[in-house]
Amino acid sequence: MTALGTRSPVEAREKRRIANLDGVRGICAMIVVFTHVAFSTGVVLGSESGPPQKGIWSILAVGLEVGLGPFFILSGMLLYKPFARATLRGTPKPSLGPFFLRRGLRLMPGYWLLTAFCLLFLNYTSIDSVWYVLRPLLLMQDYDYVWYAGMDPTWTIPTEAQFYLALPLLALLMNRLARRVDDPARKVRRMMIPLGVMVVIGWVFAGYMHMEHLGPWPPEYWWPFSRLGLFAVGMGLAILSVRAEQSPKALPGLYRAAAKRPGLFWLGALASYLVVCAAPLGNPGTWDYGSPQFALVQHLAFLAFAFLLMVPLVAPKASTPLMDAVLSNRPTRFLGRISYGLYLWHFVVMYLWFRSGSIFGAPPVPAAMLIGKVGFWEMFGVVVVGTIAIATASYYFLERPLMRAGERWIAKREAARNARTGGPDGLRPQQERSASVV
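Cut-offs used in this document
Residues numbered from 1 in each chain as written. Predicted model: local features only at pLDDT ≥ 70, side-chain atom pairs only at ≥ 80, totals over all residues. Heavy atoms only, no water. Helix = DSSP H or I, 4+ residues; strand = E, 2+ residues; numbered from the N terminus. Rg over C-alpha atoms; globule rule 2.2 N^0.38 Å. Buried < 20%, exposed > 50% of the residue type's maximum accessible area, 1.4 Å probe, protein only. Contact = heavy atoms within 4.5 Å. Areas by Shrake-Rupley, 256 points an atom, 1.4 Å probe, with all protein chains shown as cover. Patch = residues over 30% accessible without salt bridge, like charges linked within 9 Å, V, L, I, M, F, W, Y side chains within 5 Å. Salt bridge = Lys/Arg side-chain N within 4 Å of Asp/Glu carboxyl O. Lys, Arg positive; Asp, Glu negative; His and termini not counted. Charge placed at Lys NZ, Arg CZ, Asp CG, Glu CD. Arc of directions from axis to C-beta. Polar contact = N/O pair within 3.5 Å; in protein donor to acceptor, adjacent residues only side chain to side chain. Phe/Tyr/Trp six-rings, centres within 6.5 Å; stacked < 30°, edge-to-face > 60°. Lys NZ or Arg CZ within 6 Å of the ring centre and 35° of its normal. Axes fitted to C-alpha atoms, helices over the stretch in contact; angles between N-to-C directions. Parallel < 35°, antiparallel > 145°, perpendicular 65-115°, else oblique. Nonpolar A, V, L, I, M, F, W, Y, C, P; charged D, E, K, R; others polar.

### Examining the overall build of the chain
Next up, step 1: Helix and strand content of the chain: 15 helices and zero strands.
Next up, step 2: A compact globule built from 438 residues would reach a C-alpha radius of gyration of about 22 Å, and the chain, at 22 Å, matches this within 12%.
Next up, step 3: Burial status across the chain gives 49% buried among its 438 residues.
Next up, step 4: Partitioning the contacts of the chain with sequence separation of at least 6, the portion at a separation of at least 24 is 78%.
Next up, step 5: As presented, the chain carries roughly 20,400 Å² of accessible surface, and 66% of it is formed by carbon and sulfur atoms.

Structure (structure tokens):
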């Protein structure tokens with residue numbers, strides 16, 4: 001028995017792993033902010049403007065686009081894990097009502113608050129119809145594409161929401177494939193088949209949307225298909241994690257390698273990031289759209305970065321003092337908790353600082369057209385301070401209270417159901433404590 005006030009080594013490792021996931025969310029959110037400020041202040045321009053404006057710093061800034069991928073992997077891994085447990089370990093299947101309620105409360109209130117603010121204060125003079133207002137509220141801006149000032153990064157929100165809707169169907173398919181065999185290893189292999197198909201679809205679509213006849217930055221760029229591989233990788237990691245729970249002595253080879261040499265995986269992630277910086281078949285240090293061949297190479301590098309970064313963070317017994325020091329400290333964990341708000345609001349702060357939008361008496365102008373008005377470090381400091389303040393308020397006064405209210409409602413419903421039926425219908429697995437997504 002563990003003494004009061006102490007934790008077993010296994011519990012301590014699990015707590016560090018959860019903290020590390022929060023930490024990586026916080027760091028990746030700040031990387032996204034850094035990258036967008038670089039794009040909005042001229043650190044990165046198109047090749048028509050000549051060589052990279054800031055030399056090596058422009059090249060390194062472009063490569064930081066890789067910071068978005070881990071969010072999708074986290075979504076795939078944490079959300080699919082209860083479904084994978086149901087298939088591999090025979091635990092009760094997640095109830096879809098609570099699942100969708102939790103996902104909706106995690107994703108939509110903060111997003112709708114941002115949408116209302118941007119419509120009223122930045123895009124008011126651009127409103128020309130009811131559909132202009134309904135389009136972002138219904139998450140349709142990816143398909144009927146219209147630019148909204150301040151909402152520039154929110155193309156990922158429909159992608160997340162559509163993954164939530166598709167996940168139970170994917171889990172059903174993978175369960176049907178796996179239940180036809182009894183051997184756990186064969187079950188795992190069968191469950192991986194749809195994930196491999198998703199990776200291939202995502203890779204092929206990345207090349208397709210860069211076809212010349214579609215033109216630069218076509219609406220298809222915002223569609224979710226090219227992110228399928230990242231979701232699939234996360235779901236694959238969930239399967240391996242459940243397999244490790246099921247039989248700790250039969251730890252998957254990938255996780256054994258990560259436990260033995262976690263630093264090598266991070267070196268591989270660094271190498272993948274440098275490939276993105278080098279932009280094979282493209283123009284390093286620019287935001288050029290690129291050819292299909294360029295897109296296919298970059299897509300693989302993005303996928304490899306996110307995969308190699310995340311494996312040591314989820315593999316049992318994979319930990320280093322450096323990893324824990326970087327990711328488990330209080331500031332990065334705090335940034336991880338408010339990372340959704342950081343992601344949503346940083347463009348709003350930029351537009352307010354640029355004084356671009358109807359609140360200032362003129363139609364909004366895209367940030368790319370405001371380059372030169374302010375330097376990078378000035379803008380970065382303003383955006384970091386302003387966004388952290390807004391994200392903190394959003395988390396503590398809107399997001400967390402609503403999520404807690406949802407949990408209370410779910411618990412009350414389950415208690416009422418148990419009272420009617422005479423008891424719970426089986427023990428449900430403990431929820432993953434690290435908030436999953438976006």
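### Notes on the environment of phenylalanine 99
Next up, step 1: Turning to its location among the elements, phenylalanine 99 is positioned in helix H4 (residues 96-122).
Next up, step 2: Judged by relative accessible area, which is 8%, phenylalanine 99 ranks as buried.
Next up, step 3: Separated by 189 residues in the primary sequence, phenylalanine 99 and aspartate 288 have C-alpha atoms spaced 40 Å apart.
Next up, step 4: Here phenylalanine 99 is in contact with Leu79, Phe83, Tyr164, Leu167 and Pro168, once residues within four sequence places are set aside.

### Describing a positive patch on the surface
Next up, step 1: Positive charge collects at one region of the surface, where Lys93, Arg176, Arg179 and Arg180 lie side by side.
Next up, step 2: Inspection of the secondary structure assignment puts lysine 93 in the loop between helix H3 (69-89) and H4.
Next up, step 3: Judged by relative accessible area, lysine 93 falls into the exposed class, the value being 55%.

### Thoughts on unusual backbone geometry
Next up, step 1: For leucine 281, which is not glycine, the phi torsion reads 70° and is therefore positive.
Next up, step 2: Mapped onto the elements, leucine 281 comes out in the loop between helix H10 (262-278) and helix H11 (292-314).

### Examining the environment of arginine 256
Next up, step 1: Its location among the elements puts arginine 256 in helix H9 (residues 253-260).
Next up, step 2: With 96 residues separating them along the chain, arginine 256 and leucine 352 place their C-alpha atoms 49 Å apart.

### A word on helix H5 (residues 130-137)
Next up, step 1: Along H5, the residues classified as buried are Tyr132, Arg135 and Pro136. Seen from one end, H5 has its buried residues packed into an arc of 80°, which puts them on one side.
Next up, step 2: Those residues of H5 that are buried lie in contact with H4.
Next up, step 3: Of the residues trailing H5, leucine 139 is marked for its positive phi of about 60°.

### Section: the environment of asparagine 329
Next up, step 1: With respect to the helices and strands, asparagine 329 occurs in the loop between helix H12 (321-327) and helix H13 (330-337).
Next up, step 2: Once the C-alpha coordinates of asparagine 329 and alanine 19 are considered, the two residues, 310 residues apart in sequence, prove to be 8.3 Å apart.
Next up, step 3: At a separation of 2.9 Å, a polar atom in the side chain of asparagine 329 contacts the main-chain carbonyl oxygen of valine 326.

### Details of a nonpolar patch on the surface
Next up, step 1: A grouping of Val130, Trp131, Leu134, Leu138, Met140 and Tyr143 is seen on the molecular surface, where their side chains present a nonpolar patch of about 530 Å² in accessible area.
Next up, step 2: Positionally, tryptophan 131 belongs in helix H5.
Next up, step 3: A residue is classified by how much of its surface remains accessible, and tryptophan 131, at 33% relative accessible area, is partly exposed.

### Observations regarding the packing of aromatic side chains
Next up, step 1: Evaluated as defined, the whole model comprises 30 aromatic pairs.
Next up, step 2: Note on tryptophan 223 and phenylalanine 225: the rings are 6.4 Å apart at their centroids and 70° apart in plane angle, and the pair reads as edge-to-face.
Next up, step 3: By relative accessible area, which is 24% here, tryptophan 223 ends up partly exposed.
Next up, step 4: A relative accessible area of 36% places phenylalanine 225 in the partly exposed class.
Next up, step 5: Here the aromatic cluster, defined as three or more aromatic residues joined through ring pairs, consists of Tyr145, Trp155, Trp217, Tyr221, Trp222 and Tyr289.
Next up, step 6: Of note, arginine 103 hangs over the ring of tyrosine 164, and the distance from its end group to the ring centre comes to 5.7 Å.
Next up, step 7: Residue placement shows arginine 227 over the ring face of tyrosine 221; its charged tip is 5.6 Å from the ring centre.

### As for the packing of H13 against helix H15 (residues 376-421)
Between two packed helices, the angle of one axis relative to the other and the distance separating the axes together describe the packing.
Next up, step 1: Contact pair H13 / H15: the axes reach a minimum separation of 10 Å and the direction vectors enclose 65°. One way to sum up the angle between H13 and H15 is to call them roughly perpendicular. Of the residues in H15, those touching H13 at Phe334, Leu335 and Arg337 are Ile388, Thr392, Tyr395 and Tyr396.
Next up, step 2: Its residues assigned to classes, the contact of H13 with H15 comprises five nonpolar, one polar and one charged.

### Let's talk about the pattern of salt bridges
Pairing between side chains of opposite charge can happen when the charged atoms of each approach one another.
Next up, step 1: Under the defined criterion, the tally for this structure stands at six salt bridges.
Next up, step 2: The salt bridge partner of arginine 102 is glutamate 407, with a shortest N-O separation of 2.6 Å. Pair noted here: arginine 102 is in helix H4 and glutamate 407 is in helix H15, with a separation of 305 residues, a long-range link.
Next up, step 3: The partner of arginine 106 in a salt bridge is glutamate 399, and the shortest N-O contact between them spans 3.4 Å. Pair noted here: arginine 106 is in helix H4 and glutamate 399 is in helix H15, with a separation of 293 residues, a long-range link.
Next up, step 4: Because the salt bridges share partners, they merge into one network encompassing Lys81, Arg85, Arg89 and Glu245.

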